[in-house]
Structure formats: structure tokens, C-alpha cells
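Inside the fold
Here is how the chains run, residue by residue.
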Amino acid sequence: APNNASLILIGDFEIAQALRLAEKYYGGYAPKELPKYELPDEPEQKAKKERTQTHPLANANFLSLGYKIPDASHPDIAALEVIGSILTTGDGSILEQDLVQKGIASHVSAGPFRTRFPGLFSVSIQMAPGKSDNAALGPLNKALERIKDGKISAEEIERARNQYLLNAYNELLDSSALGRNLGESLVSTDNYLREFQLLDEMKKVNTKDLQRVARAYLVDERLSLRSEEHTSELQSRETIS
């Protein structure tokens, strides 16, 4: 239904012509009354959830951690993006240095999964063969405690923020990526400029913001953890909820 769809056009075109073509190809679709879904509130989580999955040919572990966070429009998302970058973006990030460069893990990533509804701050760790989960969980928890204790320096924040902004700006140079960005922002927040606002908000994030947000969301009471044994060919396809 056209009243439940978004059309993003980017490029060197005449607006009047684009509107005529949009009318030509989409104008015949009649709007529809959209069903109204009453989504139930998710029960409050009061303790950490854990699950382990195995595979008979496993030669490495894959860790997925999901901390419950607010929806994509929430003002705390900017600080959560900075935390994700501090943890895993670039060679100077904490877990890249403590896990990947030391041969404990082969890959790490972290950041908020942004949706219209409350989502997850996800941390993914691909363990190196023969390395146990605890070898990664220790450094991760230590890094989170540093953030909660306000022991992240202004220089670390600046590095992480610049790394994130560089990646974001490079992506926005591509028309397809820009269109996808605008569309996803519109669908998830009703604001097609949300990503650009988020980049501005990130520039203002400081140590106290990180400390407050980490203490609020990156705690065991909001955590679901999955440890999965798999072969190098078998990739995790499951999302924690």
C-alpha cells in the first residue's frame, strides 16, 4: 500500500520529471487501511540469560551478547554508538587490541541494533581455534567496567568517534548507501534525517555520557549471551531476543 511505503530518489534528475514518473508508475496504487497491531510489552528481564549451542565438527567458538536498549529514536543511541566504536572499531579499539591482536579472537564487533522498537546492543566475538569463551569475556567485562567507572579518556573518545564518523561519511558518498540510510531512518524513526542528527549528537558525547549509559544498559540484568561452537564454514544466523 502506498501509505505504507517509502520512495527515495537520489541523483542528478529534474524534480518535476521525477514526480511525473512516480505518478506514472505508482499513482495507480490505491491506499489501504492498515491493520493496527497492539504489540505486548516484553516482560522485564531481571537476570542474565545464557545458552550454549554445539556442533559435532566444531573447531572454534562464537560469542553473541545482546544487552537490551531503547529504540532508534532514543537520545542514548549516540553514546551507545560511541561505546561500540571504543570497543571494536579500528586497530586502536580496546577489544581489537586485547583480543584480536593477541590471537584470542579472529574478529570482534559491537554496537546498537537500531529499530523502531527497543533493540539490542550487540557484541559479537569470533574466537580463535582452541580459545575458550572466558578468554574473551574477561577482557570484555574489564572494558565495560572501565567505561562504567568513567576511565575512558577524552583522547580515546575522540579516536573512536572519528573512526565512526569517517566510516559513516565514506558510506554516505555512495548514492545507494545514502538512499538506504535515508529510507531506513524514515522507516525506523519516521525521520529520514535521523542518521545525520545522530552524527551530530555523537560529536557531543563525553565521558559522563558513556558512564551513565553503560551503567543503565550494559549490565547483566539486561544481557542475553549465546555461546556457539561451530566450524569455520558454519556461521551464526540466530538473533538473540
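Overview of the structure. Just so you know, these numbers come straight off a predicted model, no measurement behind them.

Focus: the pattern of salt bridges
- According to the stated counting rule, one finds 12 salt bridges in the structure shown.
- Residues arginine 114 and glutamate 81 are paired through a salt bridge, measuring 2.9 Å at the closest nitrogen-oxygen approach. Residue arginine 114 is located in the loop between strand E3 (105-113) and strand E4 (119-127), and its partner glutamate 81 is located in helix H2 (residues 77-88); the two are separated by 33 residues in the primary sequence.
- Judged by its relative accessible area of 8%, glutamate 81 falls in the buried class.
- Here glutamate 156 ties to arginine 146 by a salt bridge, and the two come within 2.7 Å at their closest N and O atoms. Placement of glutamate 156 in helix H5 (residues 154-172) and of arginine 146 in helix H4 (residues 134-148) is noted, with a sequence separation of 10 residues between them.
- Relative accessible area serves as the criterion here: at 23%, glutamate 156 is assigned to the partly exposed category.
- Given a relative accessible area of 26%, arginine 146 falls into the partly exposed group.
- Taken together, the shared-partner salt bridges connect Glu81, Arg114 and Glu195 into one network.

Some thoughts on the environment of proline 40
- Checked against the element boundaries, proline 40 lands in the loop between helix H1 (15-26) and strand E1 (49-53).
- For the pair proline 40 and alanine 143, spaced 103 residues apart in sequence, the C-alpha separation works out to 34 Å.

Let's talk about the pairing of strand E2 (residues 60-69)
- Within E2, 10 of the 10 residues are buried, which leaves the element mostly enclosed by the surrounding structure.
- Here E2 shows two buried faces, one formed by Ala60, Phe62, Ser64, Gly66 and Lys68 and the other by Asn61, Leu63, Leu65, Tyr67 and Ile69.
- Bridging between E2 and E4 involves 8 bridges; their strand directions are antiparallel. Bridged to lysine 68 within E4 is leucine 120.

Description of the nonpolar core
- Counting residues in each nonpolar core, the largest one holds 49 residues, and the members touching the most others are Leu65, Ile83, Leu87, Phe121, Ile125, Leu210 and Leu218.
- With 8 residues, the top contributor of residues to this core is H2.
- Setting aside its immediate chain neighbours within four residues, isoleucine 83 contacts Phe121, Ile147, Leu210, Val213, Ala214 and Leu218.

Topic: H4
- Counted at 1.5 Å a residue, the expected span for H4 with its 15 residues is 21 Å, and the 21 Å between its end C-alpha atoms agrees.
- When we look at burial in H4, the residues that qualify are Ala136, Leu137, Pro139, Leu140, Ala143, Leu144, Ile147 and Lys148.
- Just downstream of H4 lies glycine 150, where phi reads positive at about 70°.

About the thresholds
- Residues numbered from 1 in each chain as written.
- Predicted model: local features only at pLDDT ≥ 70, side-chain atom pairs only at ≥ 80, totals over all residues.
- Heavy atoms only, no water.
- Salt bridge = Lys/Arg side-chain N within 4 Å of Asp/Glu carboxyl O.
- Helix = DSSP H or I, 4+ residues; strand = E, 2+ residues; numbered from the N terminus.
- Buried < 20%, exposed > 50% of the residue type's maximum accessible area, 1.4 Å probe, protein only.
- Pairing = 2+ DSSP bridges.
- Core = buried A, V, L, I, M, F, W, Y, C linked by side-chain atoms within 4.5 Å.
- Contact = heavy atoms within 4.5 Å.
- Expected span 1.5 Å × (residues − 1).

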